[in-house]
Amino acid sequence: MKDLTHFVNGQHTAGTSGRFADVYNPALGQVQARVPLASKAEVDAAIAAAAEAQPGWAATNPQRRARVLMEFVRLLNRDMDKLAEALSSEHGKTLPDAKGDVQRGLEVIEFCIGAPHLLKGEFTDSAGPGIDMYSMRQPLGVVAGITPFNFPAMIPMWKMGPALACGNAFILKPSERDPSVPLMLAELLQEAGLPDGVLQVVNGDKEAVDAILDNPAIQAIGFVGSTPIAEYIYGRGCSNGKRVQCFGGAKNHMIVMPDADMDQAADALVGAGYGAAGERCMAISVAVPVGEETADRLIEKLVPRIEKLKVGPYTAGNDVDYGPVITAEARKRVLSLIESGVTQGADLVIDGRAFALQGYEAGYFVGPTLFDRVTTDMDIYRTEIFGPVLSTVRAKTYEEALGYAMDHEYGNGTAIFTRDGDTARDFASRINIGMVGINVPIPVPLAYHTFGGWKKSGFGDLNQHGPDAFRFYTRTKTVTARWPSGLKEGGEFHFKQMD
């Protein structure tokens, strides 16, 4: 069994707390490594070292910082297969999905290479007699990211890329369930030329999280995970005077209008609902067909597609559609929620509870599951399942369908499938959800736009990646400069207005 490490001051560092967590291969249900869980003292030491390294990195001009990221992109492409293999073995994703995880993070790094432009301030010449005014964007100092298991490459890069480009030092606390890829990313950044201490990877559990939240040197924290933990981190971090952005749970609806291309809609739902075993915060977990005829046609299209899905380990080939969920506890929770749907009266069209794979009986697999005639009072509707379960809620009208999405407590992503431009425009304008797809099931913005949900899916004023990230990881300083010409005048005892 492999012993993993922290990554501090440019090198792998063994844990000293004496506490460890097991890292599983979820397809086999077997422990394959153990990861150290940092104590408060270990976290504080890593933060102190980052604070020492940060001023030198901040003093490096933005173009040179961008060149480090440019080299990092090259190394990511070089090691893509190695990263995907490590990611799949710990998370369970298929290899194409794992490569997509790395790729979407890489694209944010590519965007961050443009940091010199994004960090430019503003200038006003001759704001008054002999007076110029200008603003500067400067790094915050030491910042931190607390990232989830479901995207162990992408989300750390979404956090660290803009933070480093802005001149901050970065403390990464990745998920202890699949920590190998974050450690590999740190190695590649070091190889790319990042100075020692500017990126620290500290593995841990709640003790490490609380140490980050309470350490006065940490100026900002980014988090992605469940809503209860997002609320906890946001509240504690803000009360400690830190800048905090937290992204929580989701229950994403896809409205299917009567005029939609039903084959296109069904294909979209299958990919968006079951890809990555449903362990995506942008997964579509609720289909809302408008009208009974639309619903019947949609179910008719969905059933054969879902029944053909290939579920298995990533080692079974690139034609595997999805793999296991992350842990035995996650599998138990998903199965319990499916059971609640049956008990509470939903129609179980496809039952994935009994799914078993020869040779992988101990793996954490759940078969694809489809419910119809789900109602809003059911647990499977209200709760983020984070598994391969799709619920169908039948709406009589467009307004009723719109109301389902708008009334739900989560507001991460949503989509509508229609051929009618007027309906699409109305939906995009009125919906109270942060990311909207029109005939696009998973509307994750590209790197040069920002990612963020509304309602209980997002906490904080600024979103991830895109221009918002550069605002989040910098603060503005405004300078008013006067260079008088001629003889010096005497003292002034009132605030002189600009001429």
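Small disclaimer: the values here were computed from a predicted structure and weren't measured.

What counts as what
Every chain's residues receive numbers from 1 upward, in the order its sequence appears when written. Selection of residues for local features in this predicted model requires a pLDDT of at least 70, selection of side-chain atom pairs for listing and counting requires 80 or more, and totals for whole chains, interfaces and linings are taken over all residues. Heavy atoms throughout the structure, all of them, feed into the side-chain values; hydrogens and water do not. Labels follow the DSSP assignment, with helices taken as runs of H or I lasting at least four residues and strands as runs of E lasting at least two, numbered in each case from the N terminus. For this measure, only C-alpha atoms enter the radius of gyration; the expected value for a globule follows 2.2 Å times N^0.38, where N is the number of residues. Classification of residues uses two cut-offs on accessible area relative to the type maximum, computed with a 1.4 Å probe and protein chains only: under 20% is buried, over 50% is exposed, and between them is partly exposed. Using a 1.4 Å probe, accessible areas were evaluated by the Shrake-Rupley method; residue-level cover was limited to the displayed protein chains. Only buried residues count toward a nonpolar core, which is a set of Ala, Val, Leu, Ile, Met, Phe, Trp, Tyr and Cys residues joined through side-chain atoms within 4.5 Å. Contact criterion: two residues are considered in contact whenever any of their non-hydrogen atoms come within 4.5 Å of each other. UniProt positions are given in the numbering used here, feature names are shortened, and annotations may be inferred rather than shown by experiment. Ring geometry is summarised as follows: Phe, Tyr and Trp rings, the Trp one being its six-membered ring, pair when their centres sit within 6.5 Å, and such pairs are stacked at plane angles under 30 degrees, edge-to-face over 60 and tilted between the two. Either the NZ atom of lysine or the CZ atom of arginine qualifies as a charge over a ring when it sits within 6 Å of the ring centre and within 35 degrees of the ring normal. Between any two strands, pairing holds if DSSP finds at least two bridges. Under this scheme, a helix contributes an axis fitted over its contacting stretch, all axes are lines through C-alpha atoms, and angles between N-to-C directions fall in the 0 to 180 degree range. Any Lys or Arg side-chain nitrogen found within 4 Å of a carboxyl oxygen on Asp or Glu counts as a salt bridge.

Asker: Even after reading the chapter, I still don't get the overall build of the chain, so can you show me in this structure?
Answerer: A tally of regular secondary structure across the chain gives 16 helices and 23 strands. What you see for the chain is a C-alpha radius of gyration of 25 Å, in line with the 23 Å of a compact globule of 499 residues. Along the longest, intermediate and shortest principal axes, the C-alpha atoms of the chain span 85 × 60 × 40 Å. Every one of the 499 residues in the chain was classed for burial, and the buried ones make up 55%. Summed over its atoms, the accessible surface of the chain is roughly 20,600 Å², and 51% of this surface lies on carbon and sulfur atoms.

Asker: Would you mind showing me how to read the environment of P129 here?
Answerer: You can see P129 is positioned in the loop between β6 (123-128) and β7 (131-139). Sequence separation between P129 and F371 is 242 residues; the distance between their C-alpha atoms is 72 Å.

Asker: So what exactly am I meant to see when it comes to unusual backbone geometry here?
Answerer: Located in the positive-phi region is N9, a residue other than glycine, with phi close to 55°. Structurally, N9 can be placed in the loop between β2 (6-8) and β3 (11-13). One non-glycine residue with positive phi stands out, namely S126, at about 55°. With respect to the helices and strands, S126 occurs in strand β6. A relative accessible area of 51% means that S126 is categorised as exposed.

Asker: What should I look at first to understand the nonpolar core in this one?
Answerer: Across soluble globular proteins, nonpolar side chains have a tendency to be buried as a group. If you look at the biggest cluster of nonpolar residues, it comprises 68 residues, and the most contacted ones within it are F72 and F170. Those residues in contact with F170, other than ones at most four positions away along the chain, are V143, A144, G145, K159, M160, A163, L164, V198, L199, Q200 and Y473. In terms of nonpolar packing, the next biggest core, distinct from the first, is built from 34 residues, V270, A277, I299 and V311 among them.

Asker: What should I look at first to understand the UniProt feature "domain: Aldehyde dehydrogenase" (unreviewed entry) in the chain in this one?
Answerer: UniProt's feature table lists "domain: Aldehyde dehydrogenase" (unreviewed entry) at residues 16-479, given in the numbering used throughout. Taken end to end, residues 16-479 is 42% helix and 21% strand, and its first and last C-alpha atoms sit 46 Å apart.

Asker: Explain the packing of aromatic side chains here, please?
Answerer: Working definition: an aromatic ring pair is given by the centre-to-centre distance plus the angle between the planes. Counted by the stated rule, this structure contains nine aromatic pairs. With a centroid separation of 6.0 Å and an interplanar angle of 85°, the aromatic rings of F149 and F386 are classed as edge-to-face. Of this pair, F149 sits in the loop between β8 (142-146) and α6 (154-165) while F386 is found in the loop between α13 (379-382) and β17 (389-392), placing the two residues 237 residues apart along the sequence. Residues Y360 and F365 carry aromatic rings whose centres are separated by 6.5 Å and whose planes lie at 85° to one another, so their mutual orientation is edge-to-face. Residue class for F365 comes out buried when judged on its relative accessible area of 3%. Ring pairs connect the aromatic residues F355, Y360 and F365, which therefore count as one cluster. Taking the ring centre of F20 as reference, the NZ or CZ of R34 above it sits at 3.7 Å. Against the face of F151 rests K93, its NZ or CZ located 3.8 Å from the ring centre.

Asker: Can you help me understand the sheet that holds strand β4 (residues 20-25) in this one?
Answerer: The strands making up a sheet are joined through hydrogen bonds of the backbone, oriented either antiparallel or parallel. Pairing is mixed across the open sheet formed by three strands, whose spatial order is β1-β5-β4. Only two strands of the sheet have a single neighbouring strand rather than two, namely β1 (2-3) and β4. Where β4 meets strand β5 (residues 30-36), six bridges bridge the pair, whose relative direction is antiparallel. By the bridge assignment, D22 is partnered in β5 with R34. Relative to β4, helix α3 (residues 80-91) is tilted by about 100°, and along the sheet it contacts β4 and β5.

Asker: Honestly, helix α8 (residues 206-214) in this entry has me stumped. Any pointers?
Answerer: Three or four residues apart is the spacing at which side chains of an α-helix point the same way, because the helix has 3.6 residues per turn. Within the sequence span of α8, burial applies to A208, V209, D210, A211, I212 and L213. Considering only its buried residues, α8 is in contact with α1 (40-59), β8, β9 (169-173), β11 (218-224) and α9 (227-239).

Asker: Sorry if this is basic, but what is going on with the pattern of salt bridges here?
Answerer: Should the charged atoms of two oppositely charged side chains come close, the side chains can pair. Within this structure, the stated rule accounts for 32 salt bridges. In this structure, D319 engages K310 in a salt bridge whose closest nitrogen and oxygen atoms are separated by 3.1 Å. The partly exposed category is assigned to D319, whose relative accessible area is 48%. For K310, a relative accessible area of 33% translates into the label partly exposed. One salt bridge connects R382 with D379, and the closest N-O pair in it is separated by 2.4 Å.

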